[in-house]
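# Fold and geometry: a report
Given next are the chains, with one letter for each unit.
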Amino acid sequence: MISKLLSHLQQPRQAEEPEQGLVLISVVLALTALMIVGFALLSSTASQSLLTSNDTYSANALYVAEAGVEQSLQQLNVSDSFSGYPTPQQFFNNQTQGVGTFTTTVTNDPSDSNARIITSTGKVYRYHNASSPVSTKIVRVTAVGTSSQGYSVQSGPGGLILGGSAAITNSSVYVGGTITMTGAAHIGTTSQPLTVDVGNYACVNGGTYPALCSGTQPISLAWSTYIYGSVCATGQTSVGPGGNEIQGGNGGSGLEPNCTAPPASPPTYDRSAQIAAVTTTKASNDSSVDCTQYLNNGQGFNRTWPANLEITGNIDIGSSCNLVITGNVYITGNLTIDGAAKITVANSVGTTRPVILVDGTINVGGSAQVVANSSGTGLELISFCSKTSSRANCTDPSTLTGTALQASSAISTVTVGGAAKVPGVIFDAYWGKVTLGGSGNMGSAIGQTIDMSGAGTITFGTTLSSGARTWTISSYQEGFPYQY
C-alpha cells in the first residue's frame, strides 16, 4: 500500500523534469534572439553613424568649394586677370570639422569673351589624417563682367535713403536733396573713398520746390553707418553722432567744411523721340512678344524682341522666359520681370545700351537676371510713371514741378527686390522713387528718390573692385563626382 503511494507520488516529479527543460530551452532561445536583435541594432546604429558622418563630410566639402568660388570672385573683382588659387587654401582646421581646403581655376569662357568660368574643388580631410581626403566636391560657375557707368546713384530732391546693410562703392554719388542713413549702411570703403555731393535742395519755399533747406544738415547718420570719401554737402557741419561717421579713408578728404554742392538734377531723356522711332507695334498678349506662352514651333519660352518695338498694355517677363533684346523698346503699361526670367542683350547692339521705356511701373524680383552682351553692354529701364498717391494711376507728363513733383518723388515707380541679378542695368524712376530690397547686383539707380531701406545688400557698379568690370555669377553647376 505504501509502495503504491510512493509510486504515485513520484509520477508528478518525473513529469516536471521535462517541463523545466523546456523552460530553460525557451529562455536560451529568447536570450539568443535578443542578442541577435541587439547586434543588429548596434550594427545598424554604427552604419547610420558612419553614413551621417560621411554626409557631414560631403556637405562640408561642398561648402568649402563654394567658399572657393566666393573668394575667387572677390579677387576677380580686384583684378580682371586673376587666374585662381592653384595651391590649396585652408578654409577650416579643427577637431569637429576636420581640415577643409579649396583650389580654384579661373578661365575664359570660350563661348563668351565677357565671361569667366570659375572651377572650385573643395576637399575635407580627417583632423589627424590630412593626406587623403574623406570627401571631394567640385563647383563650377560662370561669372559675367559688366562695365561701370561712372556713377552708382543719382537722386533728385527726394534724396537718398540707406538702411539695412546697403552699400554704395567705387563710384561717385550725386544727391540733389538729403541723405538719411541707418542700420549698417555705408558709402565707399576705407580703401576706395568716393566723391559724394549733397545739394540739400529738398524743401518747399514759398511754393517753390525744390528749394534750398536753410539751417538744416542734409546728411543724417546713425551709429554704425559710414561715409568714406570726399564729401561736399551744403550746410553740413556734423560728421556723425560718434564724431567719425564721415571719414576720408585712404585718399579722401572727409567732410569738406563750408562746401556748397551744386544742385544735382537727374539726367533727362527724350521720351518723344523714342516713341517716334517705333517701327513695330505688338499687343502684350501677342505670342511673338509674350514669352510666358509656350510655343510648340520650337521656340518654347524663347523670344527675341526687335529694335524700335512698341508693346501696348502690361507685359510680364517671368516664369522660364528667355528673352533677347536687340534694341529700344517702348511699353505703354507696366513691366514685370520675375521668376527665373533671363534677359540677354544681343551682341548686335555693340556698346549702344538699349532702353526699355515704360509709361507704367517697373517691378523686378524673383531670381530674374539680365546678361550683358560680349561688349559688357547692359540695359537701361526707365519708368516715366508719375503719381500723386500710391493708388493713383500713372501719368506721363513731359514736365513736373512744384508740389506735384514733391508728391510723385515719394511714390515708388521702380522696385527691385528678391535675388535678382541685374549687373550693368540702369534703373531710372524719372518722376518717382526707386525702391531697392532683397539682395543682388545692379548697375546704377537714378530717380527723384532712391530708397535702399530693405534688409538686403545691393551692390552697385564696380563694387569693391579696382578692375575694369564688375564680376557676378550668372550660372551655377554642382554635382560633380565626389568620394568618401
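Residues numbered from 1 in each chain as written. Predicted model: local features only at pLDDT ≥ 70, side-chain atom pairs only at ≥ 80, totals over all residues. Heavy atoms only, no water.

## Notes on the overall build of the chain
For the record, the criterion: Put simply, DSSP marks the helices as runs of H or I at least four residues long and the strands as runs of E at least two long, and each gets a number from the N terminus on. For the exposure calls, accessible area comes from a 1.4 Å probe over protein chains only, and a residue counts as buried if that area is under 20% of its type's maximum, exposed if over 50%, partly exposed in between. Any two residues having at least one pair of non-hydrogen atoms within 4.5 Å are treated as being in contact. Calculation of accessible area relied on Shrake-Rupley with a 1.4 Å probe; when residues are assessed, cover is drawn exclusively from the protein chains displayed.
Summing up its helical and strand segments, the chain has three helices and 33 strands in all. Counting only residues that meet the buried cut, the chain has 47% of its 484 residues in that class. Put simply, 55% of the contacts in the chain that link residues at least 6 apart link residues at least 24 apart. Surface summary for the chain: the accessible area is close to 22,200 Å², and the carbon and sulfur share equals 53%.

## Considering the pattern of salt bridges
Applicable threshold: Any carboxyl oxygen of Asp or Glu that lies within 4 Å of a side-chain nitrogen of Lys or Arg is treated as forming a salt bridge with it.
Tallied over the entire structure, the rule returns three salt bridges. In this structure, the salt-bridge partner of Arg271 is Asp359, at a minimum N-O distance of 3.1 Å. Residue Arg271 is found in helix H2 (residues 271-276), and its partner Asp359 is found in the loop between strand S25 (355-358) and strand S26 (362-364); the two are separated by 88 residues along the sequence. The partner of Arg271 in a salt bridge is Asp396, with the nearest N and O atoms 2.5 Å apart. Here Arg271 is found in helix H2, whereas its partner Asp396 is found in the loop between strand S28 (380-383) and helix H3 (402-408), with 125 residues between them in sequence. Since its relative accessible area comes to 32%, Asp396 is described here as partly exposed. In the salt-bridge network here, residues are joined through shared partners; they are Arg271, Asp359 and Asp396.

## Topic: the state of the cysteines
What counts, and what does not: Here, a disulfide means two cysteine sulfur atoms that sit within 2.5 Å of each other.
In this structure the tally under the stated criterion is four disulfides. Between Cys203 and Cys213 runs a disulfide, and the two sulfur atoms are separated by 1.9 Å. Of note, the bridge from Cys203 to Cys213 carries an S-S torsion of about 115 degrees and is right-handed in sense. Residue Cys203 is located in strand S11 (residues 201-205), and its partner Cys213 is located in the loop between strand S12 (208-212) and strand S13 (219-221); the two are separated by 10 residues in the primary sequence. A relative accessible area of 27% means that Cys203 is categorised as partly exposed.

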